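Each chain, letter by letter, is given below.
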Amino acid sequence: MKADPAVQRQLLELAKVDAELSRTAHRRRTLPEIAEIDAGEKTVRERRDALVSVQTAASDLDREIARQEKEIESVRARGDRDRKLLESGSVAAKQMTDIEHELNSLSRRQSALEDDLLELMERREALELDAQRTSAEVAKAEGEVAEAIGRRDEHFTDLDTTKARRDEDRAKLLPRFPEDLLKLYERVRAHKGIGAALLRARRCGACQLDIDRREIAEIKAAPEDNVIQCENCGAILVRTLESGL
């Protein structure tokens, strides 16, 4: 393939624009905020799950407390009925003994139930504190994610501006190149990442490998309008006074 040497040198401008576009795309994919957001969202999910677990345990305890209070009320009501019977004086002596015995049993039962209720309420209080702490952790994690998203979006805006400018520069450059040269450049760039590079001091500017003497001799002997490619990476080698030929 042949192309005007001046046109070939303009490939370096195109390669410079494409290199910045590649860096911009890489920067967009690898912003530290992206990993920070992923980690933060995982933390938010974990904290929310923990909060749901605490709230579920609290609801279970609320039902248990309600059941316990109902049972205590039932025992208390039965004791009240028994005491009223004793106070009425309408029961026989034997029945009175039975009622007194039942009252003692009910008193012990009520005391045990109240002790259990106190323990349940203490556990419920601890869960409430745990829920408050976990809720605060959720809010903190959500705030950190929101902050990271804000920073990421600011970077995205800057990167999008850079990309738009370089896309405009690229669009202005493309008409300068013959179709066959541009196709070769794009094909090499698609496979290797760099389509063209300066041959400087007998080294390929794309792969940064020194070119052996045989290849250098062939490049030196080739007409100036020949399109030369690096044997190592395939990039179009642009010859200038810096090439050391």
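Thresholds applied
- Residues numbered from 1 in each chain as written.
- Predicted model: local features only at pLDDT ≥ 70, side-chain atom pairs only at ≥ 80, totals over all residues.
- Heavy atoms only, no water.
- Domains from an automatic or database assignment.
- UniProt positions renumbered as here; feature names shortened; annotations may be inferred.
- Helix = DSSP H or I, 4+ residues; strand = E, 2+ residues; numbered from the N terminus.
- Buried < 20%, exposed > 50% of the residue type's maximum accessible area, 1.4 Å probe, protein only.
- Pairing = 2+ DSSP bridges.
- Expected span 1.5 Å × (residues − 1).
- Arc of directions from axis to C-beta.
- Contact = heavy atoms within 4.5 Å.
- Axes fitted to C-alpha atoms, helices over the stretch in contact; angles between N-to-C directions.
- Parallel < 35°, antiparallel > 145°, perpendicular 65-115°, else oblique.
- Left-handed = near helix turned anticlockwise from the far one by under 90°.
- Nonpolar A, V, L, I, M, F, W, Y, C, P; charged D, E, K, R; others polar.
- Salt bridge = Lys/Arg side-chain N within 4 Å of Asp/Glu carboxyl O.

Looking at the assigned domains, one finds that the protein chain contains domain 1 (5–26 + 178–238) and domain 2 (31–162). Distance between the C-alpha centres of domain 1 and domain 2: 71 Å.

The feature "domain: C4-type zinc ribbon" (unreviewed entry), as given by UniProt, occupies residues 203–237 in the numbering adopted here. Secondary structure over residues 203–237 splits into 26% helix and 17% strand, and the C-alpha atoms at its two ends are 10 Å apart.

Before going further, it helps to examine the pairing of strand E4 (residues 236–239). Two faces, one strand: in a regular strand the side chains alternate between the faces of the sheet. Here E4 shows two buried faces, one formed by Ile236 and Val238 and the other by Leu237 and Arg239. Alignment of strand E1 (residues 196–200) against E4, held across four bridges, turns out to be parallel. Residue pairing across strands places Leu199 opposite Arg239, the latter belonging to E4. Bridging between strand E3 (residues 228–229) and E4 involves two bridges; their strand directions are antiparallel. In the strand pairing of E4, Gln229 is matched with Ile236. Linkage of E3 to E4, two consecutive antiparallel strands, is achieved through a turn of six residues, within which Gly234 is found at a positive phi near 85°.

What follows deals with helix H4 (residues 179–192). Counted at 1.5 Å a residue, the expected span for H4 with its 14 residues is 20 Å, and the 20 Å between its end C-alpha atoms agrees. Those residues of H4 lying buried are Leu181, Leu182, Leu184, Tyr185 and Val188. For H4, the angular spread of buried residues about the axis comes to 160°, placing them on one side. Exposed positions of H4 whose direction lies more than 90 degrees from the buried face are Glu179, Lys183, Ala190 and His191. Looking at the buried positions of H4, the neighbouring elements they touch are helix H1 (5–30), helix H3 (93–173), E1, E3 and E4.

Taken together, four strands build an open sheet; the order of strands is E2-E1-E4-E3 and the sheet is mixed. The sheet is open, and its two borders are formed by strand E2 (203–204) and E3, each paired with just one other strand. The sheet contacts of H4 involve E1, E3 and E4, and relative to E4 the element is tilted by about 120°.

For the pair H1 and H3, the least separation of the axes is 10 Å and the interaxial angle reads 160°. Taken together, H1 and H3 sit at an angle that is classed as roughly antiparallel. Between H1 and H3 lies a crossing of left-handed hand. Note on element contacts: H3 touches H1 through His155, Phe156, Leu159, Asp160, Thr162, Lys163, Arg166, Asp167, Asp169, Arg170 and Leu173, opposite Glu13, Leu14, Val17, Asp18, Glu20, Leu21, Thr24, Arg27 and Arg28. When the residues that make up the contact of H1 with H3 are grouped by side-chain class, the tally is six nonpolar, three polar and 11 charged.

What follows concerns the pattern of salt bridges. Any two side chains of opposite charge can pair if their charged atoms end up close together. Scanning all chains against the criterion turns up 33 salt bridges. Asp18 is the partner of Arg170 in a salt bridge, and the nearest nitrogen-oxygen pair spans 2.4 Å. One end of the pair, Arg170, is in helix H3; the other, Asp18, is in helix H1, and 152 residues separate them in sequence. Judged by relative accessible area, Asp18 falls into the buried class, the value being 2%. With a closest N to O distance of 3.4 Å, Glu137 and Arg47 form a salt bridge. Placement of Glu137 in helix H3 and of Arg47 in helix H2 (residues 32–88) is noted, with a sequence separation of 90 residues between them. Accessibility expressed as a relative area gives 29% for Arg47, which makes it partly exposed. Among the ionic contacts, a cluster of salt bridges with common partners joins Asp18, Arg170, Glu186 and Arg189.

So, about unusual backbone geometry. Positive phi values are uncommon outside glycine, yet Arg202 reaches one of about 60°. Inspection of the secondary structure puts Arg202 in the loop between E1 and E2. Judged by its relative accessible area of 39%, Arg202 falls in the partly exposed class. The phi torsion at Gln208 lies on the positive side, around 65°, for a residue other than glycine. As for its placement among the helices and strands, Gln208 is situated in the loop between E2 and helix H5 (213–221). Gln208 gets classed as partly exposed once you look at its relative accessible area, which sits at 44%.

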